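# Remarks on the overall topology
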Amino acid sequence: QVQLVESGGGLVQAGGSLRLSCAASGRTISSYHMGWFRQSPGKEREFVAAISWTGDTTSYADSVKGRFTISRDNAKNTVYLQMNNLKPEDTAVYYCAASVTHYITTYVNAYGYWGQGTQVTVSS
């Protein structure tokens, strides 16, 4: 079992930056592809970014490409999401997840382990 705990969310003005962290425990995440998702009230959970277990392959939703960067430090068992130039539409609860598949994917059901989420609110 992998336990995931997100942190780093908060309230920021449009154009600002936040760095989310996802700390894992229970098992090393070095063999898992990892992802970030977000969910706004009344909307389905949507893919934000993913990173391969080695860190050499990444994938981003079109809406965040060029603004967000996913990274990982397997030695610290932690995954990060650097978010720059934040927009009000980025407001959501952000979730970290570990994939149970052998490929990097945007598909929410491919992720078997989830954190509790951290709120990000961007004011205009």
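Bear in mind that the values here come from a model prediction, so they are computed numbers and not experimental data.

## Some details on the side chain of Ser99
Within the secondary structure, Ser99 sits in strand S9 (residues 92-99). For Ser99, a relative accessible area of 2% gives the class buried. From its side chain, Ser99 meets the backbone oxygen of Ala110 in a polar contact 3.4 Å long.

## Brief notes about the environment of Ser25
On the secondary structure map, Ser25 appears in strand S3 (residues 18-25). The exposure class assigned to Ser25 is partly exposed, which follows from its relative accessible area of 35%. Once the C-alpha coordinates of Ser25 and His102 are considered, the two residues, 77 residues apart in sequence, prove to be 20 Å apart. The contacts of Ser25, once residues within four sequence positions are left out, are Gln1, Val2, Gln3 and Asn77.

## Here we look at the nonpolar core
Ranked by internal contacts, the top residues of the largest apolar core, which has 36 residues, are Leu4, Met34, Trp36, Leu81, Met83 and Tyr94. Only S3, strand S4 (34-39), strand S5 (46-51), strand S7 (68-73), strand S8 (78-83), S9, strand S10 (111-114) and strand S11 (118-123) provide two or more residues apiece to this core. Once residues lying within four places of it in the same chain are set aside, the contact partners of Met34 are Leu4, Ile29, Ala49, Ala50, Ile51, Ile70, Arg72, Val79, Cys96, Ala97, Ala98 and Tyr111.

What counts and how
- Per-chain numbering applies: the sequence of each chain, read as written, is numbered from 1 onward.
- Confidence filtering applies because this is a predicted model: local features only for residues at pLDDT of at least 70, side-chain atom pairs given and counted only at 80 or more, and all residues used for totals across whole chains, interfaces and linings.
- Only heavy atoms go into the side-chain values, all of them from the structure, while hydrogens and water stay out.
- By definition, any uninterrupted DSSP run of H or I lasting at least four residues is a helix, any uninterrupted run of E lasting at least two residues is a strand, and each is numbered from the N terminus.
- Partly exposed residues are those whose accessible area sits between 20% and 50% of the maximum for their type, while under 20% is buried and over 50% is exposed, using a 1.4 Å probe and protein chains only.
- Pairs of N or O atoms are called polar contacts if they sit within 3.5 Å, as long as, within protein, a hydrogen donor faces a hydrogen acceptor (for residues adjacent in sequence, only side-chain-to-side-chain pairs).
- Residue contacts follow a heavy-atom distance rule, with two residues in contact if any of their heavy atoms lie within 4.5 Å.
- Side-chain atoms within 4.5 Å link the members of a nonpolar core, which is a set of buried Ala, Val, Leu, Ile, Met, Phe, Trp, Tyr and Cys residues.

This is a description of form; function is not addressed.
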